[in-house]
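Structural characterization, general
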Amino acid sequence: VGSNLKKLLYILALLIFPVNINAQIDSLISRLSFEADFRFRIEQDWDSKKSDGSFRVDRTRLRYRLRAGATYKGKWYEVGFRIRTGNPIKQQDPQLTLGDGNKEFSTLPIGIEKAYFQGKWKTFIFWLGKNNFPFEKNNELFWSDNVYPEGVTIENNFNTNSNIIDNINLKGGHYIIATSNKSFDKDSYFQGFQISTSFFDKRISLFPSFYYFKNIPDIPDGNDNFYINYSILHIGTKFKILKDIPLYSEFDYYKNLQDYTGNDSIPNNLKNQKSGLVFGLKYGKLKNKKDWMFSTSYTKLQKFSAVDFLAQNDWARWDYSSSGSPDGRLTNFNGIELVAGYKISGKISLKMKYYFVEQLIPLTSNKENGSRIRLDLDVKF
């Protein structure tokens, strides 16, 4: 009897085990979500003067970007990652140029853009790893959307019972730019703290922030001459002008509180260049098919109002290539941006942007400038 019972249990296990495996697989798949997008860009640059007074050659480029990722969501946590095309040492720009660096149709450089673990309990959230810039912002002039910090973020959201204040959100984090393989205070890093809130049914948003950057090189990618610190206060606001019309005004003010007067490595005419401001006006959003969006903004960013190789590099062709780095250096300028966008379908959109910039303080004998226009086709899958 005992032998027959064992055989029966064995047969039942063989029959049930595949069912359990299939159930586990179905459960795993139900918790997974996938994303992918593709961008194709046409870009024209002209009238771009160098610091020596000569002009860069007018340039036309065809560019593209592909990204793909997945997220697994548990009851109180999620794990995610995303890969993208792009030069691995050019964090600001994941776009590749047709025929540039991949001659004779060689394979493409691909890197990991995001890899993180996130937990959430009621109103408290934290994440570890490499993820989106976690702090509220109006644009990419302080921090590029293509730069994904590595570190730890904590966040708590407070609901209010007020008829005026919608909610209050607190965020903070520590992010390592380059490890020293010593104690944390020797690393190149930044810390951020932000209080964000909205008023009157989200018609007004206010998000004051403070960012401390430690041991930041003057030139990225290991070609530095000296290191400096930044202590940047940011006041950001967004206001919906009319209740029933999607018309918004945006304002950002930056002030670096560090004193560079005693730093002999910084030229005297740049030591007090520590402020920045941005004014923007925006109409519409690209949410649904046939939606239109228009925006315009004016920017004036002094040299040390942001870390230039972590901010956007869209507005001009200025970079550190003469110092051995492909990264952009888009501070120390003022300029305008004009944008028009159209939603072709639920997953396809077109966006055209025009830029004109001029340098504030010349690095040598002449102010740099530049004009650029680009058309992006974005497709989500």
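The text that follows walks through the structure, step by step, so that each part is easy to find. Worth saying up front: this structure is predicted, and the values here are computed from it rather than measured.

**Concerning the nonpolar core**
If you look at the biggest cluster of nonpolar residues, it comprises 36 residues, and the most contacted ones within it are Phe142, Trp143, Phe190, Phe213, Tyr230 and Phe333. Put simply, the parts of the chain that give this core at least two residues each are strand 11 (209-217), strand 12 (227-242) and strand 17 (348-359). Non-local contacts of Phe333, meaning those with residues more than four positions away in its chain, are made with Leu141, Thr299, Lys300, Leu301, Gln312, Trp315, Trp318, Val357, Glu358, Gln359 and Leu360.

**Some thoughts on the pattern of salt bridges**
Considering all chains together, one arrives at 24 salt bridges under this definition. Residue Arg372 is joined to Glu43 by a salt bridge in which the shortest nitrogen-to-oxygen separation is 3.8 Å. Linking Arg372 in strand 18 (residues 369-380) with Glu43 in strand 1 (residues 32-46), this pair joins segments that are 329 residues apart in sequence. Two residues, Lys90 and Asp93, come together in a salt bridge whose shortest N-O distance is 3.6 Å. Among the charged side chains, a network of salt bridges with common partners joins Glu35, Asp37, Arg65, Arg67, Arg82, Arg84 and Glu113.

**Thoughts on the pairing of strand 8 (residues 165-178)**
Inspection of the sheet shows strand 7 (residues 150-159) paired to strand 8 by nine bridges, in the antiparallel sense. Bridge pairing in strand 8 places Thr153 opposite Gly173. In sequence, strand 7 turns back onto strand 8 through a hairpin of five residues. Here twelve bridges tie strand 8 to strand 9 (residues 188-199), and the two strands are oriented antiparallel to one another.

The rules behind these values
Residues numbered from 1 in each chain as written. Predicted model: local features only at pLDDT ≥ 70, side-chain atom pairs only at ≥ 80, totals over all residues. Heavy atoms only, no water. Core = buried A, V, L, I, M, F, W, Y, C linked by side-chain atoms within 4.5 Å. Buried < 20%, exposed > 50% of the residue type's maximum accessible area, 1.4 Å probe, protein only. Helix = DSSP H or I, 4+ residues; strand = E, 2+ residues; numbered from the N terminus. Contact = heavy atoms within 4.5 Å. Salt bridge = Lys/Arg side-chain N within 4 Å of Asp/Glu carboxyl O. Pairing = 2+ DSSP bridges.

Scope: geometric values only; no functional claims are made or implied.
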